[in-house]
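Letter by letter, the chains look like this.
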Amino acid sequence: MTTQHEQLCPAHSDPAEKPETRRRRPAGPVVAAFALVASGALVGVLEAGWDPPTSHLTAMGLALALLCVGVLVGVRHLLVVQTGRHPHLVGDRWWGTARSAPRPAPARTGPGRGHAGTGVDRTAAAEFLELFHAENPQAGPARPRIDAVLREIDRTGTYRHTPEELTFGARVAWRNNARCIGRLYWQSLQVRDLRTVTDAASVAEHCFEHLRSANSGGRIRPMISVFAPDTPTRPAPRIWNEQLIRYAGYELPDGSVLGDPRYRDFTSRMIRHGWQPPEQRGAFDVLPLVVETVEGPRMFQLPESAVHEVPLEHPELSWFADLGMRWHAVPVISNNRLVIGGVSYPAAPFNGWYMGTEIGARNLGDSDRYDLVPEVAERMGLDTSDEASLWRDQALVEINRAVLHSFNANGVTITDHHTESRRFLTHLEREERAGRRCPADWSWIVPPMSGSQTPVFHRYYDAEDREPNFFADDEAARRALQGGPPAIR
Ligand code: ARG
């Protein structure tokens with residue numbers, strides 16, 4: 001049995017088994033150059049007065065045809081070169097290739113999970129279409145569409161959503177997601193329909209474009225990019241990273257970590273597979289994006305134009321900026337599976353904007369993340385020898401003030417936990433008025449600081465899961481932290 005390492009490690013794979021990794025002979029430019037030179041020469045001799053055996057007109061036609069061949073071959077060669085060698089690809093080859101017909105990981109149990117290899121659940125499809133037609137009366141009655149979809153499932157094992165169904169489904173997946181406090185704006189989600197995109201380099205490029213477009217100069221737009229779904233015959237692409245932008249965590253000789261300790265294993269795995277960190281390693285080095293397709297996993301370096309960050313400073317504590325803290329502007333979750341009417345879209349990265357506590361209280365505050373509280377408390381001159389001085393709480397508040405202040409000062413959308421809690425209650429009221437139940441998970445909804453100061457703390461919620469939804473599969477969660485194993489075996 002081969003180990004995971006052997007399966008993945010480029011050093012153990014034989015290039016002879018992988019014809020797609022071999023260089024193409026550059027025949028294109030030779031043909032193009034020959035055709036261009038020949039057409040030029042022909043025109044030249046004609047102008048010089050040489051009378052060819054055929055008529056002048058035929059010779060001119062021949063020159064023109066040669067010229068066209070030259071231009072066409074040249075253009076085609078350029079296109080092949082540009083798409084074949086992706087500018088952001090790390091390394092030049094796959095980590096490993098699927099040896100036989102690739103298939104998705106075995107079907108899982110649980111809501112929306114009986115899809116892979118087994119075909120779409122007919123009841124799930126029909127229920128979704130009922131919902132779509134009930135909430136979109138302009139689309140007409142549901143019955144004809146349901147009948148057509150059931151026939152399509154009988155024939156192919158799956159079906160294709162219309163663009164309207166896809167957009168509605170993605171928005172409702174957000175509306176149904178019990179962990180999200182920011183659902184008031186669920187109808188504003190912009191849906192990028194990228195279902196025809198299946199190759200790794202194009203997925204990566206569209207992810208970078210998603211980041212640029214969602215950032216939108218700081219006025220962050222909630223957005224989702226939906227790539228090809230799983231089908232019974234072909235597994236969909238997958239993005240391994242938890243979010244499109246995540247920071248590396250480098251294990252140091254003394255066992256401590258430079259950067260984000262959450263991604264220590266992922267980082268060392270990427271380095272083993274050929275990712276080269278910046279020469280000067282830092283606490284905020286953006287990790288490469290890993291896109292897995294039937295051809296294996298591939299790494300892509302994010303271009304600078306896709307990564308918007310905010311350097312952190314405090315409105316009063318001038319030394320805060322010297323800590324060198326920063327955070328990325330847009331949180332794009334990239335390893336959740338979007339399920340709509342029984343169809344599974346494993347690659348469907350989506351974003352909203354940040355609530356300050358996600359960065360200030362958790363990413364920077366957690367002791368197993370950037371663990372900033374003790375250092376800030378020291379710099380503030382607090383009494384850290386006595387828990388009852390509440391130095392942790394005081395320092396945490398200042399870190400969170402720095403986050404909100406810096407995002408605002410940089411014109412990047414962010415929200416505070418008090419405002420967002422109130423908005424969530426408005427959302428609940430609206431949903432109730434629309435006659436819908438709104439699933440919510442108290443442990444995710446209540447902010448990680450000053451919980452009892454927010455109205456969302458003082459009540460309970462309907463916890464029942466609904467579809468469409470986003471699912472955080474165990475294996476995908478593991479891959480995002482450990483950098484493997486591959487999903488498509
Ligand atoms: N908590 C995650 C982070 O700190 C982001 C999760 C999504 N958050 C959001 N506001 N849409 O990066």
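Described below are features of the structure shown in this document. If you're wondering where the values come from, they're calculated on a predicted model, not measured in any experiment.

**Some thoughts on the overall build of the protein chain**
Moving on, step 1. The secondary structure content of the protein chain amounts to 14 helices and 16 strands.
Moving on, step 2. Looking at the protein chain residue by residue over its 489 residues, the buried ones come to 47%.
Moving on, step 3. Pairs at least 24 residues apart make up 71% of the contacts formed inside the protein chain by residues separated by at least 6 positions.
Moving on, step 4. Surface accessibility of the protein chain: about 24,200 Å² in total, with carbon and sulfur atoms responsible for 53%.

**Some remarks on a nonpolar patch on the surface**
Moving on, step 1. A contiguous nonpolar surface patch, about 360 Å² in accessible area, is contributed by Trp442, Phe457 and Tyr460.
Moving on, step 2. Looking at where Phe457 falls in the secondary structure, it is placed in the loop between α13 (442–445) and β16 (469–471).

**Points about helix α9 (residues 356–363)**
Moving on, step 1. When you tally the buried positions in α9, you get six out of eight residues, the bulk of the element.
Moving on, step 2. If you check which residues of α9 are buried, you get Gly356, Thr357, Ile359, Gly360, Ala361 and Asn363.
Moving on, step 3. Tucked into the core, α9 has its buried residues touching β9 (326–328), β14 (354–355), α11 (391–409), β15 (414–415) and α12 (417–433).

**Considering the packing of aromatic side chains**
Moving on, step 1. This structure, assessed with the given rule, holds 12 aromatic pairs.
Moving on, step 2. Plain terms: the ring middles of Phe284 and Tyr370 are 5.1 Å apart, the flat faces sit at 0 degrees to each other, and that makes the pair stacked. Here the residue Phe284 occupies a position in the loop between α8 (264–272) and β6 (289–293), and Tyr370 occupies one in the loop between α9 and α10 (373–380), the gap between them amounting to 86 residues.
Moving on, step 3. Here a set of aromatic residues connected by ring pairs shows up, and it is made of Tyr247, Phe284, Trp327 and Tyr370.

**Things to note about the site of the ligand**
Moving on, step 1. The immediate surroundings of the ligand are formed by Gln243, Arg246, Pro331, Ile333, Gly352, Trp353, Tyr354, Glu358 and Asn363.
Moving on, step 2. Here Gln243 contributes a side-chain N or O atom positioned 2.7 Å from an oxygen atom of the ligand.
Moving on, step 3. Here a nitrogen atom of the ligand and a side-chain polar atom of Glu358 are 2.7 Å apart.
Moving on, step 4. The residue inventory of the shell around the ligand, partitioned by class, reads four nonpolar, three polar and two charged.

**What about the side chain of Asn215?**
Moving on, step 1. Looking at where Asn215 falls in the secondary structure, it is placed in helix α7 (residues 200–215).
Moving on, step 2. Note on Asn215: relative accessible area 4%, which makes it buried.
Moving on, step 3. Contacts of Asn215, omitting those with residues within four sequence positions, involve Ile220, His308, Ala329 and Val330.

**Section: the sheet that holds strand β3 (residues 238–239)**
Moving on, step 1. Ordered in space as β3-β6-β7, the three strands form an open sheet in which the pairing is antiparallel. Edge positions in the sheet fall to β3 and β7 (296–300), since each has one partner strand and no second.
Moving on, step 2. As judged from the two bridges shared by β3 and β6, these two strands associate in the antiparallel manner. Residue pairing across strands places Ile239 opposite Val291, the latter belonging to β6.
Moving on, step 3. Contacts from α7 reach β3, β6 and β7 within the one sheet, and its direction differs from that of β6 by about 140 degrees.

**Points about the pattern of salt bridges**
Moving on, step 1. Throughout the structure, instances matching the rule amount to 24 salt bridges.
Moving on, step 2. For Arg262, the salt bridge goes to Glu242, with nearest N and O atoms at 2.7 Å. Of this pair, Arg262 sits in the loop between β5 (257–259) and α8 while Glu242 sits in the loop between β3 and β4 (249–251), placing them 20 residues apart in sequence.
Moving on, step 3. In this structure Arg262 comes out as partly exposed when scored by relative accessible area, which is 34%.
Moving on, step 4. Linked through salt bridges whose partners overlap, the residues forming this network are Glu135, Arg175, Glu431 and Arg436.

**Quick word on the environment of Glu420**
Moving on, step 1. Among the secondary structure elements, Glu420 is positioned in helix α12.
Moving on, step 2. The spacing of Glu420 and Arg183 is 237 residues in sequence and 9.6 Å in space, taken between C-alpha atoms.
Moving on, step 3. Setting aside anything within four residues of it in sequence, one finds Glu420 in contact with Ile181, Gly182, Met355 and Thr415.

**Considering the packing of α9 against α11**
Moving on, step 1. Relative to each other, α9 and α11 sit at 145 degrees, their axes nearing to 9 Å. Note on packing geometry: the crossing formed by α9 with α11 is right-handed. Residues Gly356, Thr357, Ile359, Gly360 and Ala361 of α9 form the contact with α11, whose own contacting residues are Leu396, Ile399, Asn400, Val403, Leu404 and Phe407.
Moving on, step 2. Across the contact of α9 with α11, the residue classes break down as seven nonpolar, four polar and no charged.

**A word on the nonpolar core**
Most often, soluble globular proteins keep nonpolar side chains buried together rather than apart.
Moving on, step 1. Membership of the largest hydrophobic core comes to 57 residues, with the highest contact counts inside it found for Leu289, Phe320 and Leu364.
Moving on, step 2. When contributions to this core are tallied by element, the ones reaching two or more residues are α7, β2 (223–227), β6, α9, α10 and α11.
Moving on, step 3. Here this core takes eight residues from α7, the largest share from any one element.
Moving on, step 4. Val120, Ala170, Val172 and Phe470 belong to the second largest nonpolar core, which has 29 residues in total.

**Some remarks on the sheet that holds strand β1 (residues 190–194)**
Moving on, step 1. Reading across from one edge, β1-β2-β13-β10 is the order of the four strands in this open sheet, with mixed pairing throughout. Each of the sheet's edge strands pairs with one partner strand only, and the pair in question is β1 and β10 (332–333).
Moving on, step 2. Pairing geometry for β1 and β2, over five bridges, is parallel. Its bridge partner being in β2, Asp193 is matched across the sheet by Val226.
Moving on, step 3. Contacting β1 and β2, helix α6 (residues 163–175) runs over the sheet at an angle of about 130 degrees to β1.
Moving on, step 4. Across the sheet, α7 is in contact with β1, β2, β10 and β13 (350–351); its angle to β2 comes to roughly 170 degrees.

Parameters and conventions
- Residues numbered from 1 in each chain as written.
- Predicted model: local features only at pLDDT ≥ 70, side-chain atom pairs only at ≥ 80, totals over all residues.
- Heavy atoms only, no water.
- Helix = DSSP H or I, 4+ residues; strand = E, 2+ residues; numbered from the N terminus.
- Buried < 20%, exposed > 50% of the residue type's maximum accessible area, 1.4 Å probe, protein only.
- Contact = heavy atoms within 4.5 Å.
- Areas by Shrake-Rupley, 256 points an atom, 1.4 Å probe, with all protein chains shown as cover.
- Patch = residues over 30% accessible without salt bridge, like charges linked within 9 Å, V, L, I, M, F, W, Y side chains within 5 Å.
- Salt bridge = Lys/Arg side-chain N within 4 Å of Asp/Glu carboxyl O.
- Phe/Tyr/Trp six-rings, centres within 6.5 Å; stacked < 30°, edge-to-face > 60°.
- Near = heavy atom within 4 Å.
- Polar contact = N/O pair within 3.5 Å; in protein donor to acceptor, adjacent residues only side chain to side chain.
- Nonpolar A, V, L, I, M, F, W, Y, C, P; charged D, E, K, R; others polar.
- Pairing = 2+ DSSP bridges.
- Axes fitted to C-alpha atoms, helices over the stretch in contact; angles between N-to-C directions.
- Left-handed = near helix turned anticlockwise from the far one by under 90°.
- Core = buried A, V, L, I, M, F, W, Y, C linked by side-chain atoms within 4.5 Å.

Bear in mind that shape data such as this cannot, by itself, settle questions of function.
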